[in-house]
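Close look at the chain arrangement
Residue strings, one per chain:
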Amino acid sequence: MKIVNTSKELTEYLNHLSPTQTIGFVPTMGALHDGHLSLLSKAIEGNDVVICTVFVNPTQFNEKSDFDSYPKVLDADIELLNTIKVDVLFAPSVAQIYPEGTNDIPFYDIGALENVLEGEHRPGHFQGVCHIIDVFLNMLKPTSIYMGEKDIQQIAVVQKLIEINDHSTLLVPCVTLREESGLAMSSRNRRLSVQGKINAAMFNKSLCHIRDLQKEKNFLTLKKEAEEMMKAVGFTPEYIALCNANTLEELSDFDQDIPMRLIAASFIEGVRLIDNIAI
Ligand code: PAF
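Our focus in this paragraph is the nonpolar core. Grouped together as the largest cluster of nonpolar side chains are 43 residues, with contacts concentrated most on Leu14, Ile97, Ile133, Phe136 and Ile145. Excluding anything up to four places from it in sequence, isoleucine 133 contacts Pro27, Ile145, Met147, Val158 and Leu161. In terms of nonpolar packing, the next biggest core, distinct from the first, is built from 24 residues, Leu207, Phe219, Ala226 and Leu251 among them.

Here you go:
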């Protein structure tokens, strides 16, 4: 695997590719786990060349403390990436991506997605995501970008970005990988204690509780029950939203005529976890 840290080196590499070679792109913020490996495997399966980025993007963190405590383990990431057939790791510095600083990034009009769910609870987060993905899509011009469904709203936002900025890249959503306990794999799980990780399994269990009883009780009742289940093991739930799976618009109750998705965020041991399941 070739490791490059500057856009100049990256461009040199890209210039050597033939225009017919397909490029699969997996953007990450590092602290790689099996979930990332599954995205990379999909990219390897479907493309001639696979490029992975490891970049903890400061402009998508609305809390500086969250950025500071985000796990940064590049050496371990490189070791893991070397076990599979990734062609290039692009791991730029913040100065490389933001030579003018991080205060002035362009505005991306992503419509309603900006202020709902994650957007409501993490103001500005999706502007930072759009910016970094826009920068990478412009640099790499990948054939396909592979993203995990754990960040379901991020997938909708990046799809919108592709449309508004006319990128030719195809977005490939990939299923969420879970621990045996049901806990969605996440780099943030590394910050949990052993007991915290065991308790964190209740997050997914409580969402499944809502899904499994949807024919018996209304959403509000089940949502309260799920929140109690989470609180009992030390979670502080932030939100649990029932949404139209296509538009991510919030629904007040179950509607069996449309595809639905439960989307939630909850804190445990000071770590903010997100998850979502189909209903
Ligand atoms: O999902 C992530 O890890 C990040 O939001 C992404 C897509 C790599 C952009 O920084």
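What follows continues from the structure just given.
With that out of the way, let us pick up the environment of alanine 76. If you trace the backbone, alanine 76 turns up in helix α4 (residues 74-81). Judged by relative accessible area, which is 38%, alanine 76 ranks as partly exposed. Put simply, alanine 76 and histidine 209 are 133 residues apart on the chain and 36 Å apart in space, counted from C-alpha to C-alpha.

Moving on: helix α10 (residues 219-232). Because each turn of an α-helix spans 3.6 residues, side chains separated by three or four positions in sequence point in the same direction. For α10, spanning 14 residues, the distance from its first C-alpha to its last is 20 Å, which sits close to the expected 20 Å at 1.5 Å a residue. If you check which residues of α10 are buried, you get Phe219, Leu222, Ala226 and Met230. An end-on view of α10 places all buried positions within 80° of arc, on one side of the element. Those residues of α10 that are exposed and angled more than 90 degrees off the buried face are Lys224 and Ala232. Of the surrounding elements, those touching the buried residues of α10 are α9 (194-212), β7 (236-244) and β8 (260-268). The distance from a side-chain oxygen at the start of α10 to the backbone nitrogen of leucine 220 is 3.4 Å, and the residue carrying that oxygen is asparagine 218.

Procedures and definitions
Residues numbered from 1 in each chain as written. Predicted model: local features only at pLDDT ≥ 70, side-chain atom pairs only at ≥ 80, totals over all residues. Heavy atoms only, no water. Core = buried A, V, L, I, M, F, W, Y, C linked by side-chain atoms within 4.5 Å. Buried < 20%, exposed > 50% of the residue type's maximum accessible area, 1.4 Å probe, protein only. Contact = heavy atoms within 4.5 Å. Helix = DSSP H or I, 4+ residues; strand = E, 2+ residues; numbered from the N terminus. Expected span 1.5 Å × (residues − 1). Arc of directions from axis to C-beta. Polar contact = N/O pair within 3.5 Å; in protein donor to acceptor, adjacent residues only side chain to side chain.

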